[in-house]
Amino acid sequence: MARRLTPWRWAVLGLAAVYFLVPLAASVIFTVDVPGHGITFDAYTKILSTEGFATSLTLSLELAVATIAVVLLLMVPAVVALRLGAARLRPVVEVVCSLPLVVPPIAFVAGIVTVLKWGPEHLSRTPLFQTFVAIQDEDFPVVLVLAYVVMALPFVYRALDAGLRAIDVRTLVEAARSCGASWPQALVRAVLPNLRGALLNAAFLTLALVLGEFTVAQLLGFRPFAVWIYNIGGSQAQMSVAVSVLSLLVTWALLLALAGAGGRTRTASSRG
């Protein structure tokens, strides 16, 4: 039976390769084949010197780091608590974490815009007015971090929940507590080392989300990396496609590195 299925597996893999590689190859050809000039790599060599590239990429990376930190600090204790003694709240947490998949991004950002407009109008004479101004700072828009945390909840929750299902959290925590560790120490020293793969998966998914998110940032008027790629496409189409290709290749490289690190971690733990 396994031998009969092997050709079908290769066929599926071949179709998947064609589905992904043909558009990528077409994009690469579009960036290097300039009519009347032949093959040139100017679209790639001029990326670093293009106006706005470094600023937008730095902003997206800063937003990604902040989003990863906030969402992990929020979700790791919550998911561990669900495994230890709050199992009845699991359906509630699952529903809340799944809502960003149900609510369309345009509706989500419309709600954010409504709140941002309501705050200055009704809180202009209170100290909270400065808070609304500060979270919309163009140099580092905290409002985007808050929005990305909400959007990343479904992916982070699933990654952490899968990691916790593979270990006996209760035994680890009880062993750490019996050795005199406090609850935070038990979480940091006993649970987190066994969640390294899940944490890496959650961080990578959040990074990919932040780097590729366009709707919320565009409608709120900010210019991170994805918005910069869209804006530059109107005047420098080849440059825009070249940056997109490089971003895709970097994402794949990070995914392969993450898969390799996870495989080495599992091999080391099985040998131990």
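Now for a quick tour of the structure.

Calculation notes
- Note that residues are indexed from 1 along each chain, following the sequence as it is written.
- Where local features are concerned, this predicted model is filtered to residues with pLDDT of at least 70; where side-chain atom pairs are given and counted, the filter is 80 or more; whole-chain, interface and lining totals use all residues.
- Calculated side-chain values reflect all of the structure's heavy atoms, with hydrogen atoms and water omitted.
- Stacked, tilted and edge-to-face pairs are distinguished by plane angle, under 30 degrees for stacked and over 60 for edge-to-face with tilted covering the rest, among Phe, Tyr and Trp rings (Trp via its six-membered ring) whose centres lie within 6.5 Å.
- To sort residues, take the accessible area from a 1.4 Å probe on protein chains only and compare it with the maximum for the residue type: under 20% means buried, over 50% means exposed, and anything in between is partly exposed.
- Axis lines are fitted to C-alpha atoms, over the contacting stretch for helices. Their N-to-C directions set the angle, which ranges from 0 to 180 degrees.
- Secondary structure is summarised from DSSP: a helix means a run of H or I of at least four residues, a strand means a run of E of at least two, and numbering begins at the N terminus for each.
- Should an angle fall under 35 degrees it is called roughly parallel, over 145 degrees roughly antiparallel, and 65 to 115 degrees roughly perpendicular, with every other angle called oblique.
- What makes a crossing left-handed is the near helix being turned counterclockwise from the far one by less than a right angle; a clockwise turn instead makes it right-handed.
- In what follows, residue pairs with any heavy atoms lying within 4.5 Å of each other are defined as contacts.
- For this classification, the nonpolar set comprises Ala, Val, Leu, Ile, Met, Phe, Trp, Tyr, Cys and Pro, the charged set comprises Asp, Glu, Lys and Arg, and every other residue, Gly included, is treated as polar.
- Residues forming no salt bridge and having over 30% relative accessible area are the ones grouped into patches, like charges within 9 Å of each other and nonpolar side chains (Val, Leu, Ile, Met, Phe, Trp, Tyr) within 5 Å.
- Reported accessibility uses the Shrake-Rupley method at a 1.4 Å probe radius. Residues are deemed covered only where the shown protein chains occlude them.
- The rule for a salt bridge is simple: a side-chain nitrogen of Lys or Arg has to be within 4 Å of a carboxyl oxygen of Asp or Glu.
- Here, the term nonpolar core denotes a set of buried Ala, Val, Leu, Ile, Met, Phe, Trp, Tyr and Cys residues that are joined through side-chain atoms within 4.5 Å.

1. Some thoughts on the packing of aromatic side chains
For the structure on display, the rule yields five aromatic pairs. Here Y19 and F20 contribute two aromatic rings whose centre-to-centre distance is 5.2 Å and whose plane-to-plane angle is 90°, an arrangement assigned as edge-to-face. Judged by its relative accessible area of 49%, F20 falls in the partly exposed class. Judged by centre distance (5.9 Å) and plane angle (70°), the rings of F53 and F225 are edge-to-face.

2. Quick notes on the packing of helix α8 (residues 169-178) against helix α9 (residues 183-191)
Where α8 meets α9, the axes come as close as 9 Å, and the angle between the chain directions of the two elements is 120°. Relative to α9, the element α8 is oriented oblique. Crossing geometry of α8 relative to α9 is assigned as right-handed. For the pair α8 and α9, contact is made by V169, L172, V173, A176 and R177 and by W183, A186, A190 and V191, respectively. Taken together, the residues that form the contact of α8 with α9 break down as eight nonpolar, no polar and one charged.

3. What about a nonpolar patch on the surface?
Taken together, Y19, F20, L21, L246, L248, L249 and W252 make up a surface patch of nonpolar side chains, about 680 Å² in accessible area. When residues of the nonpolar patch are traced back to their parent elements, those giving at least two are α1 (2-32) and α13 (237-271). As for its placement among the helices and strands, F20 is situated in helix α1.

4. Concerning the nonpolar core
Formed by 56 residues in total, the largest nonpolar core has its most connected members in M75 and L220. Among the secondary structure elements, those contributing two or more residues to this core are α3 (53-84), α5 (105-122), α7 (142-165), α8, α9, α10 (196-212) and α11 (215-220). Here the element with the most residues in this core is α7; it accounts for 14 residues. Residues contacting L220, with those up to four places away along its chain left out, are V109, I112, V113, L116, V143 and L144. If you look at the next biggest cluster of nonpolar residues, it comprises 10 residues, including A43, F53, I229 and A242.

5. What about the pattern of salt bridges?
With the rule as written, the count across this model stands at two salt bridges. A salt bridge links R165 to D161; the shortest N-O distance between them is 2.8 Å. Highlighted residues: R165 and D161, both in helix α7, separated by four residues, approximately one helical turn. According to the relative accessible area criterion, R165 is exposed, its value standing at 53%. Since its relative accessible area comes to 5%, D161 is described here as buried. Within the structure, one salt-bridge network assembled from shared partners comprises R90, D161 and R165.

6. Looking at the packing of α3 against α7
Running from N to C, α3 and α7 point in directions that differ by 45°, and their axes come no closer than 8 Å. Classified by the angle between their axes, α3 and α7 sit oblique to one another. In this structure, α3 crosses over α7, and the sense of that crossing is right-handed. Partitioning the contact of α3 with α7 into residue classes produces 20 nonpolar, one polar and three charged.

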